[in-house]
Amino acid sequence: KNLIKRFFYIFSLLFLAGPSFAAIPFVTDDVGISNYDQLIVEEYTEIWHLPKKGDNELTNMIGQYIGLSYGAANNLEVSTGGLAGYDFADQSASFMNSFVQLKSTIYRSDDETPSLAISGGYVNHNGRGQYNDPATNYYAMGIATSRLFDNGLIFHVNYGPKASYGLPTDKGSYVRMQ
């Protein structure tokens, strides 16, 4: 009965939520970290059809992400990665700004109580094209992960500040995020 109540509360929050917008780079993570001296390789392909930065004209993109996470010490993970893609409208390559992140687990739960972690990162302004963020970013994040219904539903919450430097003064660069 308690599980049904939790499920109801979670989905009630989802239905009450309003629109949300994320500034590039949108930073999200889970509590899991690499074991000591373990390297994890993460990859995904994305395809999207969105307005170009600073324009209302749509563009078609395909991108490939590769990330590396290494257990540098017990309970300390170091991650880096990037995304390279192709803009079909401009017929040009696009690269995400590179990042480095440190993450550590604060509390690991064996039941439905949330596990907790903290992370901090730096995103360098070295990208190009539609994937480029015109700012340099620093962020810190508290992360909570709950495993519900015998791992049938895994729920992540990320919260923390992000500081961006070197933002362009014209709003046109951020049309996609307004």
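Calculation rules
- Residues numbered from 1 in each chain as written.
- Predicted model: local features only at pLDDT ≥ 70, side-chain atom pairs only at ≥ 80, totals over all residues.
- Heavy atoms only, no water.
- Helix = DSSP H or I, 4+ residues; strand = E, 2+ residues; numbered from the N terminus.
- Buried < 20%, exposed > 50% of the residue type's maximum accessible area, 1.4 Å probe, protein only.
- Core = buried A, V, L, I, M, F, W, Y, C linked by side-chain atoms within 4.5 Å.
- Polar contact = N/O pair within 3.5 Å; in protein donor to acceptor, adjacent residues only side chain to side chain.
- Contact = heavy atoms within 4.5 Å.
- Salt bridge = Lys/Arg side-chain N within 4 Å of Asp/Glu carboxyl O.

Asker: Residues and numbers for the environment of N35, please.
Answerer: Within the fold, N35 resides in the loop between α1 (2-16) and β1 (39-51). The exposed category is assigned to N35, whose relative accessible area is 51%. Considered as a pair, N35 and N75 are 40 residues apart in the sequence and their alpha carbons are 7.3 Å apart.

Asker: Outline the nonpolar core, supporting the account with residue identities and numerical values.
Answerer: Grouped together as the largest cluster of nonpolar side chains are 12 residues: V31, W48, M61, Y65, L83, F99, A117, V123, Y131, Y139, M141 and I143. Breaking this core down by element, the ones donating at least two residues are β2 (58-73), β6 (115-123) and β7 (136-148). The leading source of residues in this core is β7, at three residues.

Asker: Which residues make up the side chain of E77, and what are the values?
Answerer: Mapped onto the elements, E77 comes out in strand β3 (residues 76-87). Only 3.2 Å separates the side chain of E77 from the side chain of S79, close enough to count as a polar contact. Among all residues touching E77, those that are not within four sequence positions of it are G32, I33, S34, S69, Y70, Q101, L102 and K103.

Asker: For the pattern of salt bridges, give the residues involved together with the corresponding values.
Answerer: Inspection of the entire model under this criterion finds three salt bridges. A salt bridge links D29 to K103, with the nearest nitrogen and oxygen atoms 3.1 Å apart. On the criterion of sequence distance, the pair formed by D29 in the loop between α1 and β1 and K103 in strand β5 (residues 99-107) is long-range, its members being 74 residues apart. According to the relative accessible area criterion, K103 is buried, its value standing at 2%. In this structure, K103 and E77 form a salt bridge, with 3.8 Å as the shortest nitrogen-oxygen distance. Placement of the pair is K103 in strand β5 and E77 in strand β3, with a sequence separation of 26 residues.

Asker: Can you tell me about unusual backbone geometry, naming the residues and giving the values?
Answerer: One non-glycine residue, N75, adopts positive backbone phi at about 65°. For N75, the position within the fold is in the loop between β2 and β3. If you check the backbone angles, F149 has positive phi at about 55° while not being a glycine. Of note, F149 is situated in the loop between β7 and β8 (153-159).

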